[in-house]
Amino acid sequence: MNTDNTLLSTLGIEIIHASKDYVEATMPVDERTKQPFGLLHGGASVALAETVASLGGFLSIDQEQEICVGLEINANHIKGKRDGVVTAVGKPIHKGKKTAIWEVAIVDEKDDLICISRCTLAILPKK
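Position numbers for residues start from 1 in each chain and track the written sequence from start to end. Local features are withheld for residues below a pLDDT of 70 in this predicted model, meaning they are given only at 70 or higher, and side-chain atom pairs are given and counted only at 80 or more; totals for whole chains, interfaces and linings count all residues. Side-chain measures were taken over the full set of non-hydrogen atoms in the model, leaving aside hydrogen atoms and water.

This part is about the overall build of the protein chain. What the protein chain contains, in helices and strands, is two helices and six strands. Secondary structure elements are defined from DSSP: runs of H or I of at least 4 residues count as helices, runs of E of at least 2 residues count as strands, and each element is numbered from the N terminus. Mapped from its N terminus to its C terminus, the protein chain presents α and β elements in the order α-β-β-α-β-β-β-β. If one aligns the C-alpha atoms of the protein chain with their principal axes, the spans along those axes are about 45 × 30 × 25 Å. Relative accessibility thresholds used throughout: buried, under 20% of the residue-type maximum; exposed, over 50%; partly exposed, between the two (1.4 Å probe, protein chains only). Split into buried and exposed, the 127 residues of the protein chain put 36% on the buried side. Here, two residues are considered to be in contact whenever any of their heavy atoms come within 4.5 Å of each other. Taking all contacts inside the protein chain whose residues are at least 6 apart in sequence as the whole, residues at least 24 apart take part in 61%. As displayed, the protein chain offers around 7200 Å² of accessible surface, 52% of which is attributable to carbon and sulfur atoms. Note on charges: Lys and Arg go in the positive column, Asp and Glu in the negative column, and His and the chain ends are not counted at all. For this purpose, a charge sits on NZ of Lys, CZ of Arg, CG of Asp or CD of Glu. Averaging the locations of the 14 positively and 17 negatively charged side chains of the protein chain gives two centres separated by 5 Å. Surface accessibility in these figures is a Shrake-Rupley result with a 1.4 Å probe; residues are shielded only by whichever protein chains are displayed.

Written as structure tokens, this is what we have:
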């Protein structure tokens, strides 16, 4: 997957594993992903979560006939993070014909929960 000149490359997101049932990615906590008060930006966490969910959704559909797009995302920011790396692990909790729902947990190096997110994807026919 070519991530050049995308939000993934801008934020330093790296895909570690991707399958239709499990996606794992990392993102640095640095000047690209922090808010002005020095903490991991909630929007960066949401971007990481939607990246993981969308990739898993894409791998779950008939890519010749369908596309999937984000329909809704929520996130609860549990703990602040000032530096290092966060890891997002996503798993599907619903795979339907028209929607899919993925849960994504973002943890730090100690496996402490930083953010929990749920992303609903719409599955649409290709035009």
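Right, let's talk about the sheet that holds strand β4 (residues 84-95) for a bit. Read from one edge to the other, the open sheet built from six strands follows the order β1-β2-β4-β5-β6-β3, with strand pairing classed as antiparallel. Unpaired on one side and paired on the other, β1 (14-19) and β3 (66-77) mark the two borders of the sheet. Averaged over neighbouring strand pairs, the angle between their axes works out to 20° when direction is ignored. Docked against the sheet, helix α2 (residues 42-60) engages β1, β2 (22-29), β3, β4, β5 (99-107) and β6 (113-125), running at close to 145° with respect to β3. A pair of strands is labelled paired if DSSP reports no fewer than 2 bridges between them. Only the stretch in contact is used when fitting a helix axis, every axis being a line fitted to C-alpha atoms; angles between N-to-C directions are given from 0 to 180 degrees.

Here the focus is the pairing of β1. In this structure, β1 lies alongside β2, joined through five bridges in antiparallel fashion. Residue pairing in the sheet places His17 in a bridge with Glu24 of β2.

Time to look at the UniProt feature "domain: Thioesterase" (unreviewed entry) in the protein chain. UniProt positions are given in the numbering used here, feature names are shortened, and annotations may be inferred rather than shown by experiment. Per the UniProt record, "domain: Thioesterase" (unreviewed entry) is annotated on residues 37-115. Helix makes up 24% of residues 37-115 and strand 46%, whereas the separation of the span's terminal C-alpha atoms amounts to 18 Å.

For the rest of this paragraph, the subject is the pattern of salt bridges. In what follows, salt bridge is the name for a side-chain nitrogen of Lys or Arg lying within 4 Å of a carboxyl oxygen of Asp or Glu. Applying the stated criterion across every chain, the model contains five salt bridges. Among the salt bridges present, the one from Lys95 reaches Asp21, with a minimum N-O distance of 2.8 Å. Here the residue Lys95 occupies a position in strand β4, and Asp21 occupies one in the loop between β1 and β2, the gap between them amounting to 74 residues. Ionic pairing is found between Lys81 and Glu109, a salt bridge with its closest N-O pair at 2.7 Å. Of this pair, Lys81 sits in the loop between β3 and β4 while Glu109 sits in the loop between β5 and β6, and the two are 28 residues apart along the sequence. Residues joined in a network through salt bridges with shared partners are Lys79, Asp108 and Asp112.

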